[in-house]
Amino acid sequence: MTSQPHLVERRALITGTLMLICAAGALGTAATKAAEMKWTHFVIADPLPGSSWGTGGIGLADFDGDGDLDMAISRRETQTAYWYERKDDATWVQHVIGTSETFANTLGAVALDVDHDGFVDMVYRGIWFKNPGVLADKPDTPWQVFPYDGGGHDVIAADINGNGKLDIVSYDGHVLAWFDTTRDLAKTVVADDRDDHGGVAPKGFGDINGDGHTDLVIPGLWFENPGDGRGPWKRHPWPHKPIPNASYGTSTRVWVADTNGNGHEDIVYSDCDTGFSHVYWVENTGGGTGWVRHQLPDPPGDPHTGSFHSLGVADFNGDEHLDVFAGEQEDPDTYMQSQGKLPMKTPGLKPRGVIWLSSGGAKPTFTPNVIHVGNPGWHDAVLGDVDGDGDIDIVSKIWNKDGSTYHADFWRNDTPVHKSTTEASRD
C-alpha cells in the first residue's frame, strides 16, 4: 500500500483554487445566470506508477462501500491496474487491483457490477476484475480476473436488453458489440465492418427514436436496438462531420442526452485523437430521422484546438440546464505529419479544460468557459459527485506526460448553485 498525503497536500496548495467569471453570452442568456464558476484542483496520484506513456481509462465508483467515490486506473508499462481509496479530497491511497499482459494495450475501461453481487467490478480490454467485496476492511485484497471477448478504445456500461442490469459495450474501431451480464457475458455483435479509431464512449447510448429501447451511437451512425439487444440492429445516419487527415483517423467522444429538454435524445460529440478538434451538439428533431448539427464555439485563447478526448454532459452550475464539458489532451504527437496527417496539437498549445454553459430553452446557446489551461492535461475524464455535496465533479488523467511525471487529478466543483429563470420565478 502506498500513500503520499504530503505530496498530495503540497500539490493541492500550489495549484490552489481556479476561478472564472462567466461573461454575458449572446442575446443576454448567460447574463441571467450571473454565474461564477469555481473549481478546486487536488492530486489523486503524482506520480502514477511507471515512467512511460499509456494510462488506461478511469473507473469512478464506491469500490469499498464507504459511501464515497474511489478511482481506478491502469498503466501500460507496469501492466497493472490500481484503485485509489478516497480518504478526503486531498488524500487518496493506492491499492493494487491486479496485473495482466492485456494492460500493455489497454485504453477503454468502465466500472460496473458485472456479476450482480452488490460490489462494483472493473472492466478493461478483454478482462474484468471481480471486486472481492472485503475492501472496507482489507483494501489490499487481490481481485480475481476473468476473460471476455471484447474491449478496445472504448468500453462502456449500458442496459441493452432492458432488464434493469448494466451490460458491457465495447468498440475497438472495427467491431461494436455488447455482452449480457445476466448470460455469462454472451456476446452480440452490432457491427463488424467499421474503420474508426473509436467512438461509443463515454455515453454513446440512449433511446434515439423514443421506442423505449437503448440504441448505440458511433461516428456517423446510430444503431436501432431490435428490442432485447439480440437480432439485427438497423443502421441510421446522423450528421457527423469528419476532420480531414485526422491524426489517427476518425474518432469521437460521444454523449447522448436531451440537451434542449424537448423529449428527444440528442447527440453531443467531440472530435478526438486528432488536432483541430471541435465540439458539437447534434439536435434530434424527432425519431432520429432528422438532425441539425450545431458547432459549439471554440474556447477563447489559442485559436488552434487540440484533441478533445474528454467529454461529459451535466448541469455543472445547478440551473437545471445541461452544460457540456470537454478537455484537450496533452499528447504532443507530431510524427504523423510525415504521413500527411494533422499533428495531435500545434506547437505551444496548452491543453484547456472547458465548460460550455447552456442558456436553456429549445434553442440553447453554449458559452465556453475555460476552467484551466496547461498542466495537468485532459486525456480522459469522468464525471461524478466525488465529495457527496450534490454537484458534479471531474476526475481526469493524462496519457503522455505533460511535465516530469504521470498523474491523475480531482477537480472539485465549488460553483455556487444558480437557479434557472423558471425556478427563480417560483420563489
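The model shown is predicted, which means the values in this text are computed figures rather than measured ones. (Residues numbered from 1 in each chain as written. Predicted model: local features only at pLDDT ≥ 70, side-chain atom pairs only at ≥ 80, totals over all residues. Heavy atoms only, no water.)

Colleague: What is the right way to read the overall build of the chain from this model?
Modeller: The secondary structure content of the chain amounts to 2 helices and 30 strands. For the chain, contacts bridging at least 24 residues in sequence account for 53% of all contacts bridging at least 6. Counting every atom, the chain has about 16,100 Å² of accessible surface; 52% of that belongs to carbon and sulfur. (Helix = DSSP H or I, 4+ residues; strand = E, 2+ residues; numbered from the N terminus. Contact = heavy atoms within 4.5 Å. Areas by Shrake-Rupley, 256 points an atom, 1.4 Å probe, with all protein chains shown as cover.)

Colleague: Could you clarify how one ought to interpret the pattern of salt bridges in this entry?
Modeller: It is possible for side chains of opposite charge to pair when their charged atoms get near one another. In total, this model carries 16 salt bridges according to the counting rule given. Aspartate 115 is the partner of lysine 130 in a salt bridge, and the nearest nitrogen-oxygen pair spans 2.5 Å. Of the two residues, lysine 130 sits in strand E9 (residues 127-130) while aspartate 115 sits in the loop between strand E7 (110-112) and strand E8 (121-123), which places them 15 residues apart along the sequence. Residue aspartate 115 is classed as partly exposed on the basis of its relative accessible area of 28%. Of the charged contacts in the structure, one is a salt bridge between lysine 187 and aspartate 149, with a shortest N-O distance of 3.0 Å. Placement of lysine 187 in strand E14 (residues 186-191) and of aspartate 149 in the loop between strand E10 (144-147) and strand E11 (154-158) is noted, with a sequence separation of 38 residues between them. The exposure class assigned to lysine 187 is partly exposed, which follows from its relative accessible area of 38%. When salt bridges with common partners are traced through the structure, they connect Asp68, Arg86, Asp89, Arg412 and Asp414 into a single cluster. (Salt bridge = Lys/Arg side-chain N within 4 Å of Asp/Glu carboxyl O. Buried < 20%, exposed > 50% of the residue type's maximum accessible area, 1.4 Å probe, protein only.)

Colleague: Which parts of the structure should I look at to understand the pairing of E14?
Modeller: For a regular strand, the rule is simple: side chains alternate between the two faces of the sheet. Looking at chain direction, strand E13 (residues 176-180) and E14 are connected through 5 bridges and run antiparallel. Each bridged residue has a counterpart across the sheet, and for aspartate 180 the counterpart in E14 is alanine 186. In sequence, E13 turns back onto E14 through a hairpin of 5 residues, with aspartate 184 there showing a positive phi of about 55 degrees. (Pairing = 2+ DSSP bridges.)

Colleague: Looking at this structure, how should I read the sheet that holds strand E6 (residues 91-99)?
Modeller: By way of backbone hydrogen bonds, the strands of a sheet pair with one another, either parallel or antiparallel. Read across the open sheet, the 4 strands follow the order E3-E4-E5-E6; overall the sheet is antiparallel. Edge positions in the sheet fall to strand E3 (59-61) and E6, since each of these pairs with one other strand and no more. Strand-to-strand twist across the sheet, computed as the mean angle between neighbouring axes with direction ignored, equals 25 degrees. Across 3 bridges, E3 lies against strand E4 (residues 70-75) in antiparallel orientation. Residue pairing in the sheet places leucine 60 in a bridge with methionine 71 of E4. (Axes fitted to C-alpha atoms, helices over the stretch in contact; angles between N-to-C directions.)

Colleague: Explain the pairing of strand E26 (residues 352-358) to me, please; I cannot follow it from the model alone.
Modeller: For E26, the tally of buried residues reaches 7 of 7 residues, placing the bulk of the element in the interior. Burial along E26 is two-sided: Arg352, Val354, Trp356 and Ser358 and Gly353, Ile355 and Leu357, pointing in opposite directions, are all buried. Both strand E25 (residues 323-328) and E26 contribute to a ladder of 4 bridges, which runs antiparallel. What sits directly across from glycine 327, in E26, is glycine 353. Inspection of the sheet shows E26 paired to strand E27 (residues 366-373) by 7 bridges, in the antiparallel sense. Residue glycine 353 lies in a different strand from E27, and its bridge partner there is histidine 372.

Colleague: Teacher, can you tell me more about the packing of aromatic side chains here?
Modeller: Aromatic ring pairs are defined here through the distance separating the ring centres and the angle between the ring planes. Enumeration according to the criterion identifies 18 aromatic pairs in this entry. By way of ring pairs, the aromatic residues Phe42, Trp92 and Phe410 are connected into one cluster. Sitting over the ring of tyrosine 406, arginine 75 keeps its end group 4.5 Å from the ring centre. (Phe/Tyr/Trp six-rings, centres within 6.5 Å; stacked < 30°, edge-to-face > 60°. Lys NZ or Arg CZ within 6 Å of the ring centre and 35° of its normal.)

Colleague: I'm lost on the sheet that holds E8 in this one. Help?
Modeller: Across the sheet, which stays open at both edges, the 4 strands sit in the order E7-E8-E9-E10 with antiparallel pairing between neighbours. With one partner strand each, in any of the chains shown, E7 and E10 form the two edges of the open sheet. Pairs of neighbouring strands in the sheet enclose a mean axial angle of 25 degrees, with direction left out of account. The sheet contact formed by E7 and E8 spans 3 bridges and is antiparallel. Note on E8: the bridge partner recorded for valine 110 is valine 123.

Colleague: Explain the environment of leucine 176 to me, please; I cannot follow it from the model alone.
Modeller: Along the chain, the position of leucine 176 falls in strand E13. Exposure remark for leucine 176: the relative accessible area of 0% places this residue in the buried category. For leucine 176, the contacting residues outside a window of four places in its chain are Val169, Ser170, Tyr171, Thr188, Val189, Val190, Ala191, Val200, Leu216, Ile218 and Phe223.

Colleague: Which parts of the structure should I look at to understand the environment of proline 139?
Modeller: Position of proline 139 among the secondary structure elements: in the loop between E9 and E10. Separated by 42 residues in the primary sequence, proline 139 and isoleucine 97 have C-alpha atoms spaced 9.6 Å apart. With near-sequence residues (within four places) excluded, proline 139 lies in contact with Trp83, Glu85, His95 and Val134.

Colleague: Please clarify how the nonpolar core should be interpreted in this entry.
Modeller: In summary, soluble globular proteins display a tendency toward joint burial of nonpolar side chains. Ile44, Met71, Tyr84 and Val395 are the most contacted members of the largest nonpolar core, which totals 19 residues. If you list the elements that add at least two residues to this core, you get strand E2 (36-45), E4, strand E5 (80-88) and strand E30 (408-413). At 3 residues, E2 tops the list of elements feeding residues into this core. The residues contacting methionine 71, other than those within four sequence positions of it, are Ile44, Ile58, Gly59, Phe63, Tyr82, Trp83, Tyr84, Trp92, Val395 and Ala408. Membership of the second largest hydrophobic core comes to 17 residues, among which are Tyr171, Val190, Phe205 and Ile218. (Core = buried A, V, L, I, M, F, W, Y, C linked by side-chain atoms within 4.5 Å.)

Colleague: Before we go on, may I ask you to explain unusual backbone geometry in this structure?
Modeller: Excluding glycine, most residues fall at negative phi; most peptide bonds, likewise, are trans. Of note, the bond from aspartate 46 into proline 47 is cis; its omega dihedral lies within 30 degrees of zero at 5 degrees. Counting through the fold element by element, proline 47 comes out in the loop between E2 and E3. Here the bond from alanine 201 into proline 202 is cis, since omega is 0 degrees, no more than 30 degrees from zero. In this structure, proline 202 sits in strand E15 (residues 202-203). Here glutamine 79, not a glycine, exhibits a phi torsion of approximately 50 degrees, which is positive.

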